[in-house]
Every structure is written in structure tokens, then in C-alpha cells.
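Survey of secondary and tertiary structure
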Amino acid sequence: MQRFTCATRRLYSTKPPAVLPEAARIARTASTPLAVRLRRRKRFGPTAVGTSDSTPHGLTPTENARYRRLKVTQKLKVIDGEQITDAQWIERLNERRSRVRGFKTVERGGVEEKEVVGRRVYLPNIIIRLVRNNTPKGEPYNPYEATFRIPKSVTKTDMRSYLLAVYGVKTTYIRTDNYIAPAPSGRNPKRKAFKTYKRAVVGLVDPFYYPHRLEDMPTQEKEEREKWIETNFQIMANRAMRKYELLRLTKGQAKGWDMKEPMATKRSHILRLVAERREKREGLIANQVHKWQEMRKKGRTISLELARKIPSQSNVPVATN
């Protein structure tokens, strides 16, 4: 893992565009750490939901304060006798942030060459999983953000380099936070490591729309999607087969035990089948009573021979407790 971190840290980082889209600025403002938001709110006042706190040229309040401080102290670069503007300053800052890292210049045979500092690592044993953004209820999904669950040893620089080198995804910012599993107690003396993970919220230059969940789809589109998933992956069929094999291995050895349909193995399914059979039996009785009432209205006599034509109860499934 350390070798992978050293190798990926040497890759290229991204260069954001000169002016970010408005939606990307809003995403950057919304994902600012809570302590920073509270500090900015105390100093500059609250920021309305769905708006950005950046300047027209894309400077955050921190970058803007830094630019004004350098301008007052006259530490900015001077071009044609004047200090550079905020747009020129942020462009130079982004170029410095996106500089090529992890390379050194070596001279071989009188020729200068670029050499990568680090070691190549093949098949690194890490898992980076893309998940849906945390979207509050009533707010639209933000396509200029992506959320990942990453190993705790992966840094922001590693994540930025990985996305660009492998997928060509350009990023503007990365926020990370660690989620620690609850501390062990007397009843649970061991901490569950799988519940501890690291989250990375990545700002995107180009929008990415996460595929809709089945719960968010219209009824017709949802049915088509479920049909396509079942046709290509046979999820329900595999689930039923696993259930059948589990019953066969666990209960199939009992004496006098007979395999039943998979839907009759849960209490809820058994109660449903009992209710259906009871409804069917009561329906047959109600139909026969209605026929007898019609015959009485017409003055016809109900004889034992007609009563014997009632469907045999043996054909009706009887529910047992």
C-alpha cells in the first residue's frame, strides 16, 4: 500500500478551468468543512442555499483574502509596472497547484531527460467505490460532485492522481473525512473494522449524473429496468436457487421431509396461502347459497340430488394450523 501511495502521488494532478461553472462553485461552497463555514458566516454573514460565496473570477473567500493581503503588501508579481489582477493571480495559482510532480531532470549523454521519482506498483490491493452523494430532502442532485469510499491510507493527492490517470476525470477540490466505528463496550468488546471507512467528496469540472435508483424511477421505467437486470444477471433466480439449496442441505436429511415450494417457507407466505385458500372456500359456499336463494325465488324445490351436485370439498385445499 505504501508503494502504491508513493507511485500514485507522482502522477499528474489536474488543472481546473480559468472560470468554474456556477454549479461547480455552488458545489464547492456546499462541501466546505463545517468549521470553515462557521468562520466565514461569522465574518461575512450567512450564504443563501444554492448560491456560491466565491468572487466573479472564482476566488474563494480565503483566496480572495490572501490576494488582497499580497496586494496591500505589494508582494504580487508586477507586469508592465502594475500588479497582476485577481484573475491572473488565481490562474497562476492553479498552474502551480497542477504542476507536474514527482519528476526530476537528469542528464544522460549530454541530453536532459525527465525521470519519474518512485517505483511502479502493479495490481495494488485497494478498493475505491463510487457511491451516491448525500442530497438533503427537497434539494436537487448535484452533478458537479462525486462521493467515494476509499481506504484510510489513500490521500487527497493519491485520489486526484488516480482519477486523472485511470479515468481522465478532472477535479477541482477534494474533501475527506474519516468515519470511525463505535468504541467497544462491555457487551461488544471488539471494534468492527469494516464499519470504519474514509469518505472523499470530489469536485468535478465536468458534470456526472449518477444512475437513478429504482425508487426514483417512474413505474414503467422501473419495471423495464428490473426486467433488464433480471434478464442479464438473474438475481431473483439465483436467490431462489440459493434458498432451495439451503433448504435441501439443512432439512433434506430429515425423515419424512418433503421439499416444498420456496414461497411456502416463511410465516408471511404461509399465512398468505392460508388466507387465499380460505377465501376460495368461502367463495364456493357463497355462490352455492346464492344459487339456492335464486331457486327459492322461482319456486323451485331444492332436493338432495341438487345438493349432491355441490363441488366436492376434497377438491378445495384445506388450510391446517
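Residues numbered from 1 in each chain as written. Predicted model: local features only at pLDDT ≥ 70, side-chain atom pairs only at ≥ 80, totals over all residues. Heavy atoms only, no water.

**Thoughts on the side chain of S31**
- Looking at where S31 falls in the secondary structure, it is placed in the loop between α2 (22–30) and α3 (34–44).
- Reaching out from S31, the side chain makes a polar contact with the backbone oxygen of R28 at a distance of 3.3 Å.
- Not counting the four nearest positions on each side in its chain, S31 is found in contact with E145, Y173, R175 and V201. (Helix = DSSP H or I, 4+ residues; strand = E, 2+ residues; numbered from the N terminus. Polar contact = N/O pair within 3.5 Å; in protein donor to acceptor, adjacent residues only side chain to side chain. Contact = heavy atoms within 4.5 Å.)

**Here's the deal with the packing of aromatic side chains**
- All told, the structure shown has 4 aromatic pairs when counted by the stated rule.
- With a centroid separation of 5.7 Å and 80° between ring planes, the pair formed by Y162 and Y167 is classed as edge-to-face.
- We classify Y162 as buried; its relative accessible area is 18%.
- Here Y167 falls in the exposed class, since its relative accessible area comes to 55%.
- Arranged with centres 4.9 Å apart and planes meeting at 10°, the rings of Y179 and Y197 form a pair that is stacked. Of this pair, Y179 sits in strand β7 (residues 171–179) while Y197 sits in strand β8 (residues 197–204), and the two are 18 residues apart along the sequence.
- A relative accessible area of 22% means that Y197 is categorised as partly exposed. (Phe/Tyr/Trp six-rings, centres within 6.5 Å; stacked < 30°, edge-to-face > 60°. Buried < 20%, exposed > 50% of the residue type's maximum accessible area, 1.4 Å probe, protein only.)

**Concerning helix α4 (residues 61–72)**
- Its 12 residues give α4 an end-to-end C-alpha distance of 16 Å, which sits within 8% of 16 Å, the value for a rise of 1.5 Å per residue.
- Of the residues making up α4, those classed as buried are P61, E63, A65 and Y67.
- Contacts from the buried residues of α4 go to α3 and α5 (86–97).
- Just past α4, the residue Q74 takes up positive phi, approximately 60°. (Expected span 1.5 Å × (residues − 1).)

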